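# Observations on chain architecture
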Amino acid sequence: MTVLPKLDRPRALFFLLVILSIPLFSYRLTSVPPGLTVDEAAFGYNAALLSKTGFDQNGRFLPFFVLSIEGRDWRQPVTQYFITLFFKIFGANYFNLRFTSVIIVLVSLVLLLYLSFRLEGKLMAFLTGFLFLTTPIIMIHSHLALDNLMPVFFTILWLLLIFLYQKNRRVKYLLFAGFSLGICFYTYKAMRAIVPVWCLLTTAFLFYDSASRFKKKLVGNFSKTIRPSLLFSLAILPFFAVIPILEKKYAGAVFDGQGLNWSSFYDFLYPYLSSFDLSFLFIKGDTTVYHSTGRHGMFLLASLPFFLLGCFRVFTSKKSFWYFVLVSFFSAPILFGLVNSVHRASRLISLVPAYVLLSGFGGVGLLGNRNCILNSLFCLTVLAAVFNYSDFLKYYWFSYPKVAEEWFSKNTNDDYLALSERSKETGVLPYIDETIYLADGENAHFFEAAYFDKPISRWVDGRQVPENSLLMSQRKEVPGFKNLNLNLPYYYLLIPEQK
């Protein structure tokens, strides 16, 4: 007797896969990487402020873009307000800041499983889910509270909606697809160069898809043929039409105030071709330390055979949607030559959905032949992927934090949290050594906004403080103060000596 009905079993197993992914991505979440990047702290700082008061660090009420890091950088709205909403519901703290990225991975996984299941069945869904979960750059960015990961969700949603439209011919899917890709444009700066390409690709695909339905009657049904492309274009048009207004109010927020770089055709082509450099994709990874381990690429090396086979299967398949996925993968970085982006995996993370879909399609093709040799190749490839990913996890969780320590700030979360909790428990006034506050920069701003109801009072060496106060200092011994000996990671908590 089966425990679950036949139709519900895949759904239950998919749910179990998602649930088991939570501890995988949450493990060592606040210790790997060893500290916050300045961008993480800026997101957290403004999310804490917005969740409490509705105003950002500049005193603007719910701005579309948030100007941060001493006026040097703009926070992108989708990630900024997602973290704000999460803080509003669950509270602002270090773990919740990074856990928001885990949430994005999980909801992306759910959408990917559904799309894969609709495309090729439950085996395709499990294989695609496995490949997604074992993609190194997904694990790396699940531990960073940054906006790089957000395009993955909206890319999968866009692909899913185009697929559903092709299956059901419902206008709502076209409109939502345009809406999804429009939002994707504002998720991350790199998507400014990718989304326009995908807009043109989608418009062309919808026209081709409609034209293939009418075939010889194309001339007489031209208005019906072009209608899907027009509807999709109308849905996404407002996201581009509003750019001049946004640029006027938030100068440089949309295009970062940079002009397009064009010197020669070769200079334009190099960033595009470099995006598919195999050593970059599967070995070295991103050029920046906090986006890569330096020895594992953005994709799992063992998954390469599945991907190559998947690309080959596209040309033997009669399903036009697979051509759409393939072209979306290889067309995404076409405009990277205009911004001179080379070997930046963090900017190419939106390629992950297409990559794992094509790889899953290739893997299913091996089992679909029911050939003993091909089945053995499938099992060997999966086994190699398990070992490959295990090696990545071992290095990322335990060796990488030591290697990359100098690139991250000190993890002073426990110090600020102890100052907050101790001052609230005893009812004393919290003080912080001004040298610490200035040195910690954005981190201090985030922890202050997250753990304290009002700004922490600053202390300068030699200055008197009230008897009912608590000082956090980097000095173990300060004249006129008694050390509480709390054994904190970096700083010390002291109280004024009784006179």
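Let me sum up the structure you'll find in this document.

Parameters at a glance
- Residues numbered from 1 in each chain as written.
- Predicted model: local features only at pLDDT ≥ 70, side-chain atom pairs only at ≥ 80, totals over all residues.
- Heavy atoms only, no water.
- Helix = DSSP H or I, 4+ residues; strand = E, 2+ residues; numbered from the N terminus.
- Rg over C-alpha atoms; globule rule 2.2 N^0.38 Å.
- Contact = heavy atoms within 4.5 Å.
- Areas by Shrake-Rupley, 256 points an atom, 1.4 Å probe, with all protein chains shown as cover.
- Lys, Arg positive; Asp, Glu negative; His and termini not counted.
- Charge placed at Lys NZ, Arg CZ, Asp CG, Glu CD.
- Salt bridge = Lys/Arg side-chain N within 4 Å of Asp/Glu carboxyl O.
- Buried < 20%, exposed > 50% of the residue type's maximum accessible area, 1.4 Å probe, protein only.
- 1 Å grid on protein atoms, 1.4 Å probe; cavity = no way out; pocket = protein on both sides within 12 Å on 5 of 7 lines; lining within 4 Å.
- Points joined across faces, edges and corners; volume = space filled by probe spheres on them.
- Disulfide = S-S within 2.5 Å.
- Pairing = 2+ DSSP bridges.

Attention now moves to the overall build of the protein. Helix and strand counts for the protein come out as 20 helices and seven strands. Against the compact-globule benchmark of 23 Å for 499 residues, the protein has a radius of gyration of 26 Å, which places it among compact chains. Its C-alpha atoms put the protein at 95 × 55 × 55 Å along the principal axes. For the protein, the proportion of contacts with a sequence separation of at least 24, taken over those separated by at least 6, is 73%. When the accessible surface of the protein is totalled, it reaches about 23200 Å², and 63% of it is carbon and sulfur. Charge separation in the protein, taken as the distance between the mean sites of 46 positive and 31 negative side-chain charges, equals 17 Å.

Under the criterion given, the structure shown has nine salt bridges. Two residues, arginine 98 and glutamate 40, come together in a salt bridge whose shortest N-O distance is 2.9 Å. With arginine 98 in helix H4 (residues 94–120) and glutamate 40 in helix H2 (residues 38–53), the pair connects residues that are 58 residues apart, well separated along the chain. Assessed through its relative accessible area of 0%, arginine 98 is described here as buried. Under the relative-accessibility criterion, glutamate 40 is labelled buried at 0%.

Okay, empty space enclosed by the protein next. If you walk through the whole model with that rule in mind, you get one cavity of 30 Å³ or more. Size it by volume and the largest cavity reaches roughly 40 Å³. Lining of the largest cavity is provided by Leu131, Thr134, Thr135, Leu300, Ser303, Tyr355, Val356 and Ser359. When residues of the lining of the largest cavity are assigned to their parent elements, the largest contribution, three residues, is made by helix H16 (residues 352–368).

In this structure the tally under the stated criterion is zero disulfides. Free cysteine: cysteine 184, not disulfide-bonded; nearest cysteine sulfur from cysteine 199 at 9.5 Å. Taking relative accessible area as the criterion, cysteine 184 reaches 0% and is therefore assigned buried. Cysteine cysteine 379 shares no disulfide, and the gap to the nearest cysteine sulfur, in cysteine 372, comes to 9.4 Å. The exposure class assigned to cysteine 379 is partly exposed, which follows from its relative accessible area of 49%.

A separate point is the pairing of strand E3 (residues 429–433). Taking burial as the measure, the five residues of E3 include four buried ones, the bulk of the element. Note: E3 against strand E5 (residues 469–473), four bridges, orientation parallel. For leucine 429, the partnering residue across the bridge sits in E5 and is serine 469. Inspection of the sheet shows E3 paired to strand E4 (residues 457–459) by three bridges, in the parallel sense. Looking at the pairing, tyrosine 431 lines up with serine 457 of E4.

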